[in-house]
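Now for the letters of each chain:
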Amino acid sequence: MFDPSSPIPQCNPLASYIELKAEIDFAIDSVLRGGRYILGPAVASFEHDFAHWIGVHIAVGVGNGTDALELSLRSLGIGSGDAVVTTSMTAVATAVAIRRSGATPVFADIDPVHGLLAADSVARTCETSGLRIRAIVPVHLYGRCADMDAIGDIAEKHGLAVVEDCAQAHGATWKGRRAGTFGAVSAFSFYPTKNLGAIGDGGAVITEDSDVGERVRLLREYGWKSRYVSDIDGVNSRLDELQAAILRVKLVRLEADNARRRSIAAIYRSLINNHKVTLHRGNDDGHVYHQFVVHADDRNSLQSHLSSKGIGSLVHYPAAIHEQPAFSQAVSTPVPLSNTERWSRTVLSLPMFPQMTEAQAMRVAEAINEW
Ligand SMILES: *Cc1c(COP(=O)(O)O)cnc(C)c1O
């Protein structure tokens with residue numbers, strides 16, 4: 001029976017499995033019985049379906065989202081001696097991937113409203129860094145697209161590639177066009193809690209450039225052009241056949257899942273009215289709400305209050321990347337990052353997953369208003 005006081009988790013990948021259990025179990029069983037466990041028909045079919053869903057010709061399945069971004073950069077010939085501009089308010093994976101390619105992450109500041117890479121700060125970074133900047137990596141944080149017009153203009157002016165980090169933005173759009181279709185090449189993650197999530201690790205690179213796609217195919221499997229003969233310096237990062245079969249089942253529901261996320265967001269946006277809590281109520285066209293974030297000066301007290309009511313929440317992210325021990329010496333920060341540093345002190349992600357009920361969303365809003 002539905003218990004109105006039962007805990008509400010921040011995210012719930014199990015609910016997604018339970019909802020599709022019969023289809024997922026069937027898909028897994030088909031792979032098991034098929035006997036092809038690496039780069040077989042399920043990966044090929046998923047690559048086809050995912051590319052079609054996004055609206056591009058080429059998708060290449062890889063081991064995870066971090067590898068997707070690393071191989072995207074490497075497929076453009078970006079590596080040692082190069083620099084890549086991105087945001088410091090993102091999953092650390094974004095910077096890990098840039099470093100793994102051999103390049104140096106260079107951080108520009110975010111806008112204070114959405115937390116997305118700020119175009120004016122990117123422009124200043126390109127003008128002042130003194131580094132050999134080769135690419136801009138916009139991150140469509142929380143499911144909202146970065147300003148792809150302004151970023152495209154800067155990239156064109158400085159002769160830079162755009163490589164999109166779409167790990168939080170499956171299906172997000174900017175002026176009606178899908179995330180992933182703006183860059184020369186784009187990276188997706190299928191980590192279980194993402195809008196399109198596997199039951200384990202997974203990732204994909206998408207592109208319209210067949211040379212780039214071919215290089216990613218080589219890079220993901222030891223640089224093999226033909227079997228057992230490495231043409232280039234590759235890695236082992238293949239999308240798993242089981243995960244691909246599961247992702248094919250879930251892809252069919254992605255549009256509807258994103259719509260459910262948007263209706264939960266609509267409840268939050270209309271019901272939360274505590275003056276100590278700020279949230280964005282403006283235009284959210286194209287936003288797929290990977291996360292729904294609010295801000296509070298006393299964020300930790302809000303988080304404890306929610307927790308005392310059985311409501312989960314998370315902080316994305318408690319420290320900017322340039323403030324983290326592994327990165328403070330390995331990145332470049334040519335411009336002030338004051339919006340970024342302020343963001344991590346006040347931001348809080350509320351419960352958000354497609355299977356959440358209206359009643360649960362209302363309970364979260366009530367608990368916030370009580371605080
Ligand atoms: C999840 C995520 C990644 C990395 O994905 P993995 O599959 O965990 O490697 C990269 N960038 C962003 C913004 C993410 O949220």
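Preceding this section is the structure that the text describes.
Residues numbered from 1 in each chain as written. Predicted model: local features only at pLDDT ≥ 70, side-chain atom pairs only at ≥ 80, totals over all residues. Heavy atoms only, no water.

### Notes on the overall build of the protein chain
Here comes step 1: The secondary structure content of the protein chain amounts to 13 helices and 13 strands.
Here comes step 2: Reported as C-alpha extents along the three principal axes, the dimensions of the protein chain are approximately 65 × 55 × 35 Å.
Here comes step 3: Out of the 371 residues in the protein chain, the part that is buried amounts to 56%.
Here comes step 4: The long-range share in the protein chain, meaning contacts at least 24 apart out of those at least 6 apart in sequence, stands at 71%.
Here comes step 5: When the accessible surface of the protein chain is split by element, carbon and sulfur atoms take 52% of a total near 15500 Å². (Helix = DSSP H or I, 4+ residues; strand = E, 2+ residues; numbered from the N terminus. Buried < 20%, exposed > 50% of the residue type's maximum accessible area, 1.4 Å probe, protein only. Contact = heavy atoms within 4.5 Å. Areas by Shrake-Rupley, 256 points an atom, 1.4 Å probe, with all protein chains shown as cover.)

### Considering helix α7 (residues 148-158)
Here comes step 1: The complete set of buried residues in α7 reads M148, I151, I154 and A155. The buried residues of α7 occupy one face: seen down the axis, they fall within an arc of 130°. Counted as exposed and oriented over 90 degrees from the buried face of α7: D153, E156 and K157.
Here comes step 2: Contacts made by the buried residues of α7 are with α6 (119-128), β4 (133-136), β5 (161-165) and β6 (173-174).
Here comes step 3: Its side-chain oxygen 3.2 Å from the backbone nitrogen of D149, D147 forms the N-cap of α7.
Here comes step 4: G159 sits one or two positions beyond α7 and adopts a positive phi of about 65°. (Arc of directions from axis to C-beta. Polar contact = N/O pair within 3.5 Å; in protein donor to acceptor, adjacent residues only side chain to side chain.)

### Some points on the site of the ligand
Here comes step 1: Around the ligand, the structure places 14 residues, and the nearest of them are G65, T66, D165, S189 and K194.
Here comes step 2: The side chain of Q168 places a nitrogen or oxygen atom 2.8 Å from an oxygen atom of the ligand.
Here comes step 3: K194 is positioned with one of its side-chain polar atoms (N or O) 2.7 Å from an oxygen atom of the ligand.
Here comes step 4: Summarising the interface, the protein chains cover 89% of the accessible area of the ligand, which totals 380 Å² for the free molecule.
Here comes step 5: Looking at the shell around the ligand, the elements that each hand over two or more residues are α4 (65-75) and α5 (92-101).
Here comes step 6: A breakdown of the residues in the shell around the ligand according to their chemical character gives five nonpolar, seven polar and two charged. (Near = heavy atom within 4 Å. Nonpolar A, V, L, I, M, F, W, Y, C, P; charged D, E, K, R; others polar.)

### Looking at the packing of aromatic side chains
Geometrically, a pair of aromatic rings is defined through the distance of the ring centres and the angle of the planes.
Here comes step 1: Using the criterion set out here, one finds nine aromatic pairs in the structure.
Here comes step 2: An angle of 85° between the planes, with centres 5.4 Å apart, marks the rings of F50 and F190 as edge-to-face. A residue pair is termed long-range when its members are at least 10 positions apart, and F50 in helix α3 (residues 41-54) and F190 in the loop between β8 (185-189) and β9 (203-207) qualify at 140 residues.
Here comes step 3: According to the relative accessible area criterion, F50 is buried, its value standing at 0%.
Here comes step 4: Taken together, F46, F50, F188 and F190 form an aromatic cluster joined through their ring pairs.
Here comes step 5: R177 extends its terminal NZ or CZ atom over the ring of F182, reaching a point 4.3 Å from the ring centre.
Here comes step 6: Its end group placed over the ring of W53, R178 keeps NZ or CZ at 3.8 Å from the ring centre. (Phe/Tyr/Trp six-rings, centres within 6.5 Å; stacked < 30°, edge-to-face > 60°. Lys NZ or Arg CZ within 6 Å of the ring centre and 35° of its normal.)

### So, the sheet that holds strand β1 (residues 58-62)
Here comes step 1: One open sheet holds the seven strands; their spatial order is β1-β9-β8-β5-β4-β2-β3, and the pairing between them is mixed. The sheet is open, and its two edges are formed by β1 and β3 (104-108), each paired on a single side. Pairwise comparison of adjacent strand axes, ignoring direction, gives a mean angle of 30° for this sheet.
Here comes step 2: Across four bridges, β8 lies against β9 in antiparallel orientation. Residue pairing in the sheet places S189 in a bridge with G203 of β9.
Here comes step 3: Packed onto the sheet, α7 meets β4 and β5 and runs at close to 145° relative to β5.
Here comes step 4: Its contacts with the sheet place helix α8 (residues 210-219) against β1, β8 and β9, and it is angled at close to 15° to β1. (Pairing = 2+ DSSP bridges. Axes fitted to C-alpha atoms, helices over the stretch in contact; angles between N-to-C directions.)

### Let's talk about the packing of helix α2 (residues 21-34) against helix α9 (residues 241-251)
Here comes step 1: In the contact formed by α2 and α9, the axes pass within 9 Å of each other and the chain directions differ by 150°. Considering only the axes of α2 and α9, their crossing is right-handed. For the pair α2 and α9, the contacting residues are E23, I24, A27, I28, V31 and L32 in the first and E241, L242, A245, I246, V249 and K250 in the second.
Here comes step 2: Classifying every residue of the contact of α2 with α9 gives nine nonpolar, no polar and three charged. (Left-handed = near helix turned anticlockwise from the far one by under 90°.)

### Focus: a nonpolar patch on the surface
Here comes step 1: Taken together, the side chains of L32, Y37 and I38 define a hydrophobic patch exposed on the protein surface, amounting to about 290 Å² of accessible area.
Here comes step 2: Mapped onto the fold, L32 is located in helix α2. (Patch = residues over 30% accessible without salt bridge, like charges linked within 9 Å, V, L, I, M, F, W, Y side chains within 5 Å. Salt bridge = Lys/Arg side-chain N within 4 Å of Asp/Glu carboxyl O.)

### Brief notes about the packing of helix α11 (residues 299-308) against helix α13 (residues 358-370)
Here comes step 1: It is at 10 Å that the axes of α11 and α13 come closest, and there the two elements cross at 130°. When the axis of α11 is compared with that of α13, the two are oblique. As α11 packs across α13, the resulting crossing turns out to be right-handed. Within the contact between the two elements, α11 uses L302, H305 and L306 and α13 uses A367, I368 and E370.
Here comes step 2: Split by residue class, the contact of α11 with α13 holds four nonpolar, one polar and one charged. (Parallel < 35°, antiparallel > 145°, perpendicular 65-115°, else oblique.)

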